[in-house]
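Analysis of the macromolecular model
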Amino acid sequence: MSLARSELQLHRDPTRRMVGFLIGAMVYLAALAVTGGLMVGTTINRWSDDLRGNLTVQLPGVTAAGAAEATGRIDTVVSTLLETQGVAGARALPRRELLSLLERWLGRGNIPDDLPIPALIDVTLEPGVRIDLDDLQRRLAREVPGARISDNGIVLDRLVRLAHSVQAAALAIVLLVGLAAVAIITFVTRAGLAMHHETIELLHLIGARNNYIARQFVRHVVGVALVGGILGLLAAAGTILGLARVAADIDVFRWPTISLADPQLVALLTLPLVAAVIAMVTARLTVAGALRRLP
Amino acid sequence: MRFCATRGAPEFVLVVRFEHVGLRYENGPNVLDDVSFTLEPGSFHFLTGPSGAGKTSLLKLMYLAQRPTKGRIVMFDRDVTAAKRRDLPGLRRRIGVVFQDFRLLNHLTALENVALPLRIAGAKRRQIEAHVSELLAWVGLSGQLEAKPPTLSDGEKQRVAIARAVIGRPRLLLADEPTGNIDLDQGLRVLRLFEELNKIGTTVVIATHDRSLVSTIRLPELRLAEGRLTVHQPARAQPTEGSTRAVPSRGGL
């Protein structure tokens, strides 16, 4: 004596494999997008920490003779810096200190008076405040032509901005993939409703509540989404590990590192569950909508 | 087969009451014009009329597969024309239907088909198994529990369909041409089954255009013609107005 698990036998539907594959592909794409976003996020944090410390502003070099005249320009830059929000302090390095730095290379007393030496201003930033360096650079150059912030800071600042755009794109991909999953589940549920309409009508007529019918669809699509999602996630893990191996050979300053050990990547494990929840809600709503049309 | 009769306070006073019910399908002519009648608990009726008179439509209204275009329908003392959707499944479970085309699910075994109403009602697995195999044995299908409908003869399919209609101990049993695919002898067997159910209080309506069946058994008749319904008592019984509580005569069986 055996009783079938469900009347609709949706697991025999030909759409099952295709939907499993599509959900798997979506979870794969979402996993890569999430990994990319998280990696970029970690890198941004590191870069931001660097930016938070201090900056150096450089003024065009002057000879010993012009040093007195340059003092005014240095003072202008320092006061501009001090007026800038986020700047905790600005200190011009005395010419003497600069000379002693150079003497290490050129030898004591070997620096001619007519050698132009740039003025350097050491800027301390307030912790936790981000400064628009491009804007600051423009303002300084207006006050004192030739004043510029050391390249490192500017490039990092631009990279951080790029990283934020990459993160936004990753988020957009994840959302798009989610919407596509909703569309797929809606489509396949409608197909199932059409394919089994006689059975559904009969169940309805002999007193099945909407829940009873919806449950069979939900159980089916959740199962398919979970299996497809887990396979997609495994494929993504393979890809990430592969990329990590290739990336491990690159040794560049602050190059983003990929590692599945990153605790943030635990978020990836929820992707098949997210796919299952999307499938559950979508199927339930689709079936409820269709059953509302029955008498 | 034990159908234990539980006769306490009646659950309801009226099983079915139609008040000036009309039905037309979209853009079509009126199928039913102005139909009024009442079925009391424990009554047993034939529903007759020429083909196309609307017998199936009338049954559909009774098993809540169709809403009337006008008039009021009361089932088990509840106005179903005004009932909320979520209350309908509960009412449908009190109704057993033998569809003209059986409507068995071909991918399920005879046993699973008959078990459907119990599963839907949330019965326990062990309960289902005991009841279903007992009932299938009673309709003579103990050898075909695991057979799927496509392998069954029409007569066997019909018995599966009947078993499914009665497994939930319905208060109202509706059968659409239940003897259409079988010979008179088998037809009478089927009727005897319905009679058993009727004896324990189930209200039965059998739609048929088979005059030989109607003339064999003396039962009150709901006669449909040109969208209207009239109630006819068998020749020897006392005629009543619109409402009947007929006990079927066993003389013909």
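Residues numbered from 1 in each chain as written. Chains lettered and ligands numbered in written order. Predicted model: local features only at pLDDT ≥ 70, side-chain atom pairs only at ≥ 80, totals over all residues. Heavy atoms only, no water.

The subject of this paragraph is the sheet that holds strand E8 (residues 203–207) of chain B. All names here are of chain B. Sheet architecture is open: six strands sit in the order E6-E7-E8-E3-E9-E10, paired in mixed fashion. Only two strands of the sheet have a single partner each, and these edge strands are strand E6 (95–98) and strand E10 (228–232). In this sheet, adjacent strand axes meet at a mean angle of 20° when their direction is disregarded. Bridge count for E6 against strand E7 (residues 172–176) is four bridges, and the pairing is parallel. The partner of Val98 across the bridge, within E7, is Ala175. Helix H5 (residues 154–166) contacts E6 and E7 of the sheet and is inclined by roughly 170° relative to E6. (Pairing = 2+ DSSP bridges. Helix = DSSP H or I, 4+ residues; strand = E, 2+ residues; numbered from the N terminus. Axes fitted to C-alpha atoms, helices over the stretch in contact; angles between N-to-C directions. Contact = heavy atoms within 4.5 Å.)

With that settled, the discussion passes to a nonpolar patch on the surface. Residues and elements named next belong to chain A. Taken together, the side chains of Val155, Leu159, Leu162 and Val166 present a nonpolar region at the surface, about 300 Å² in accessible area. Along the chain, Val166 falls in helix H5 (residues 151–195). Since its relative accessible area comes to 37%, Val166 is described here as partly exposed. (Patch = residues over 30% accessible without salt bridge, like charges linked within 9 Å, V, L, I, M, F, W, Y side chains within 5 Å. Areas by Shrake-Rupley, 256 points an atom, 1.4 Å probe, with all protein chains shown as cover. Salt bridge = Lys/Arg side-chain N within 4 Å of Asp/Glu carboxyl O. Buried < 20%, exposed > 50% of the residue type's maximum accessible area, 1.4 Å probe, protein only.)

The next thing to look at is the packing of aromatic side chains. Residue and element names in this part refer to chain B. All told, the structure shown has three aromatic pairs over all chains when counted by the stated rule. Between the aromatic rings of Phe12 and Phe76, the centroid separation amounts to 5.0 Å while the plane-to-plane angle is 65°, which identifies the pairing as edge-to-face. Remark: Phe76 occurs in the loop between strand E4 (70–75) and strand E5 (78–79) and Phe12 occurs in the segment before strand E1 (16–24); sequence separation between them is 64 residues. In this pair, the class of Phe12 matches that of Phe76, namely buried. Over the face of the ring belonging to Phe76 we find Arg94, whose NZ or CZ atom lies 5.1 Å from the ring centre. (Phe/Tyr/Trp six-rings, centres within 6.5 Å; stacked < 30°, edge-to-face > 60°. Lys NZ or Arg CZ within 6 Å of the ring centre and 35° of its normal.)

Turning our attention to the sheet that holds strand E1 (residues 54–62) of chain A. Within a beta sheet, neighbouring strands are joined by backbone hydrogen bonds and run either parallel or antiparallel to one another. Residues and elements named next belong to chain A. Ordered in space as E2-E3-E1-E4, the four strands form an open sheet in which the pairing is antiparallel. Since the sheet does not close on itself, it has two edges, and those belong to strand E2 (87–92) and strand E4 (148–149), each with one partner. Pairing geometry for E2 and strand E3 (residues 117–125), over five bridges, is antiparallel. Looking at the pairing, Gly89 lines up with Thr124 of E3.

Here Glu7(A) is to be found in the segment before helix H1 (15–52). A distance of 2.6 Å separates a polar atom in the side chain of Glu7(A) from a polar atom in the side chain of Gln216(A). Side chain to side chain, Glu7(A) and Arg119(B) meet in a polar contact 3.0 Å long. Apart from residues lying up to four places away in sequence, Glu7(A) is in contact with Thr199(A), Leu203(A), Tyr212(A), Gln216(A), Leu105(B), His107(B), Leu108(B), Leu116(B) and Arg119(B). (Polar contact = N/O pair within 3.5 Å; in protein donor to acceptor, adjacent residues only side chain to side chain.)

Here we come to the pairing of E8(B). Residue and element names in this part refer to chain B. With five of its five residues buried, E8 lies for the most part within the structure. In E8, alternate side chains face the same way, and those of Thr203, Val205 and Ala207 on one face and Val204 and Ile206 on the other are all buried. Across four bridges, the pairing between strand E3 (residues 44–48) and E8 is parallel. By the bridge assignment for E8, His45 is matched with Val205. Relative to E8, E7 runs parallel, the two being bridged by five bridges. Paired with Leu172 across the two strands is Thr203, which belongs to E8.

The interface is formed by 27 residues belonging to chain B together with 23 residues belonging to chain A. Buried area between chain B and chain A, both sides added, is near 2500 Å², and the carbon and sulfur share of it is 58%. Considering only the surface of chain B that becomes buried against chain A, Arg85(B), Arg119(B) and Ile120(B) emerge as the three largest contributors, covering 25% of it. The salt bridge partner of Arg103(B) is Glu201(A), with a shortest N-O separation of 4.0 Å. (Buried area = accessible area lost by both parts, 1.4 Å probe.)

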